[in-house]
Amino acid sequence: MKLKVGVLCGGRSGEHEVSLKSAASIIEALDKEKYEVIPIGITKEGTWLAGDDPLEALSSGKLPGNNKPVFIVPDPSVGGFMWLKEGPSGKSFEKLDVVFPVLHGTYGEDGTVQGLLELAGIPYIGPGVLGASAGMDKVIMKMVYQQNALPIGKYVYFLKKEWDENNEVWLDKIEEKLGYPCFIKPSNMGSSVGISKAKGRKELSEAVEEAGLWDRRIVVEEYIKGREIEVSVLGNDKPAASVPGEIVPSSDFYDYKAKYIDDRSQLIIPAELEPHLTAKVRDLAVKSFTALDCTGMGRIDFFVDEKEEKIIVNEINTIPGFTQVSMYPKLWEASGLSYSELLDRLIKLAIERFDEKKQLKTAFDL
Ligand SMILES: Nc1ncnc2c1ncn2[C@@H]1O[C@H](COP(=O)(O)OP(=O)(O)O)[C@@H](O)[C@H]1O
Ligand SMILES: [Mg+2]
């Protein structure tokens, strides 16, 4: 029997298009001898579609195409999705053995979809609810890293409401603690959306207003000098780290345009780093992954200043870009694991974690 793999893609985040590209690569590479692949596309409005070729329908904008609306049922006795109207060949539901949520950013990487799959009793790739949501929120992530003595930069955070009440207080605090330039970010976002670098008080004010459009909490960070080094992590209880890679952004920093639009940012794999720094980032990558109780996969991003021998953890991405040319799978390829072997491993890890959790008690036997 082939395993039925649901591939969730598209979605309601700013990374909808990136998700479609990642999913197309994944669907193509999944071994069809082992897996029956069921693509499920989510529109930008949040309608779930399956049945024909939802990727094509979403990419072309010709919706719904020959697809039908479906929804994951929180009742674990279904263990899959239901067709809202009658599905192909009169079916009313479809069981799934495992789901790959190829959804970057909001409503995908932040624990929301993970919660739904958890209720539905379907194994899924990547971290659970806690790892996903904590990894997506920059403030919580930093607090956990601090607690675990992982190296992070200085930061200040506040609610947009607190800023609105008295922005002068926050401006003074930021200038005193962090200085310029500094980075202003919505706490819970990705893809560099809403992020700015400020060189003075006026720019800082404008940047906070911008970040406040995306989240109710804002984090301001000191500027960290250094090369951008990334490491892929794979595993559950004993995760492994890949060789590191380096991003050379095409703009002043790795903003949305440099990431997805102009195509001039470079990936250097493996990164040319001194062996002792390579060993250090790999070790820190695993620690950053486990500190947030992550499982499955994660890409940890660092700033490395070789001259000063300083390493700072910037962030974790628990559903990193996954096209054939994305950093996460490329780093595994450079570490000896091919793209399709990586998919096999991730599916196995998802099922292992699910089976392990199934053994746990959830209620007293009275
Ligand atoms: N504190 C910082 N110092 C220097 N550059 C930064 C800092 N924070 C972010 N950047 C730059 O901005 C980019 C996006 O920031 P990041 O925190 O990774 O946000 P996202 O989660 O949206 O990817 C980074 O890849 C880096 O180029
Ligand atoms: Mg980033």
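Please refer to the structure placed before this passage.
Residues numbered from 1 in each chain as written. Chains lettered and ligands numbered in written order. Predicted model: local features only at pLDDT ≥ 70, side-chain atom pairs only at ≥ 80, totals over all residues. Heavy atoms only, no water.

Draft legend 1. Here's a closer look at the sheet that holds strand β11 (residues 217–222). Overall, antiparallel pairing links the four strands, which are arranged β8-β11-β9-β10 in an open sheet. Edge positions in the open sheet fall to β8 (155–159) and β10 (196–198), since each of these has one partner strand only. For this sheet, the mean angle separating the axes of adjacent strands, direction not counted, is 25°. Pairing between strand β9 (residues 182–186) and β11: five bridges, direction antiparallel. When the bridges of β11 are listed, I184 appears paired with V220. Those strands touched by helix α5 (residues 138–147) are β8, β9 and β11, and its axis lies near 55° from that of β11. On top of the sheet, helix α7 (residues 167–177) reaches β8, β9 and β11; it is set at about 165° to β8, its chief contact. (Pairing = 2+ DSSP bridges. Helix = DSSP H or I, 4+ residues; strand = E, 2+ residues; numbered from the N terminus. Axes fitted to C-alpha atoms, helices over the stretch in contact; angles between N-to-C directions. Contact = heavy atoms within 4.5 Å.)

Draft legend 2. The arrangement of the site of ligand 1 in detail. Close contacts around ligand 1 come from 18 residues, with K138, K185, S192, E228 and K259 the closest. At 3.0 Å, a side-chain N or O of E221 approaches a nitrogen atom of ligand 1. Coverage of ligand 1 by the protein chains reaches 96% of its 540 Å² of free accessible surface. Of all the secondary structure elements, the ones that give two or more residues to the shell around ligand 1 are β9, β11 and β17 (310–317). Of the residues assigned to the shell around ligand 1, the class counts are seven nonpolar, four polar and seven charged. (Near = heavy atom within 4 Å. Polar contact = N/O pair within 3.5 Å; in protein donor to acceptor, adjacent residues only side chain to side chain. Areas by Shrake-Rupley, 256 points an atom, 1.4 Å probe, with all protein chains shown as cover. Nonpolar A, V, L, I, M, F, W, Y, C, P; charged D, E, K, R; others polar.)

Draft legend 3. Structural context of the pattern of salt bridges. Tallied over the entire structure, the rule returns 23 salt bridges. The closest approach of N and O atoms between K44 and E17, which form a salt bridge, is 2.7 Å. Placement of K44 in the loop between β2 (35–42) and β3 (48–50) and of E17 in helix α1 (residues 16–29) is noted, with a sequence separation of 27 residues between them. The partner of R299 in a salt bridge is E230, with the nearest N and O atoms 3.0 Å apart. Of the two residues, R299 is situated in strand β16 (residues 296–305) and E230 in strand β12 (residues 227–235); the sequence distance between them amounts to 69 residues. (Salt bridge = Lys/Arg side-chain N within 4 Å of Asp/Glu carboxyl O.)

Draft legend 4. Region of interest: the sheet that holds strand β5 (residues 80–83). Overall, mixed pairing links the seven strands, which are arranged β6-β5-β4-β3-β2-β1-β7 in an open sheet. Single-partner strands in this sheet number two, and they are β6 (93–95) and β7 (98–101). Within the sheet, the average angular offset between the axes of one strand and its neighbour, ignoring direction, is 35°. Here strand β1 (residues 3–10) pairs with β7 via four bridges, running parallel. Across the sheet, residue V7 finds its bridge partner in β7, namely F100.

Draft legend 5. Just the layout of surface pockets, in detail. Estimates place the volume of the second largest pocket at around 290 Å³. D293, T295, R353, E356 and K357 are the residues nearest the centre of the second largest pocket, which is lined by 18 residues in total. Contributions of two or more residues to the lining of the second largest pocket are made by α4 (129–136) and α12 (339–358). Take the lining of the second largest pocket: its biggest share by element is four residues, from α12. Along the lines of polarity and charge, the residues of the lining of the second largest pocket split into eight nonpolar, four polar and six charged. (1 Å grid on protein atoms, 1.4 Å probe; cavity = no way out; pocket = protein on both sides within 12 Å on 5 of 7 lines; lining within 4 Å. Points joined across faces, edges and corners; volume = space filled by probe spheres on them.)

Draft legend 6. Broad picture of the packing of aromatic side chains. Following the criterion strictly, the structure yields eight aromatic pairs and no others. A centroid spacing of 5.5 Å and a plane angle of 90° characterise the contact between F100 and F322, whose relative ring orientation is edge-to-face. Highlighted residues: F100 in strand β7 and F322 in the loop between β17 and α11 (327–334), separated in sequence by 222 residues. Three or more aromatic residues link up through ring pairs in this structure, and these residues are F100, F322, Y328 and Y339. Directly above the ring of Y107 sits R12, whose terminal nitrogen or CZ lies 4.0 Å from the centroid. The ring of Y124 has R353 lying over it, and the distance from NZ or CZ to the ring centre is 4.6 Å. (Phe/Tyr/Trp six-rings, centres within 6.5 Å; stacked < 30°, edge-to-face > 60°. Lys NZ or Arg CZ within 6 Å of the ring centre and 35° of its normal.)

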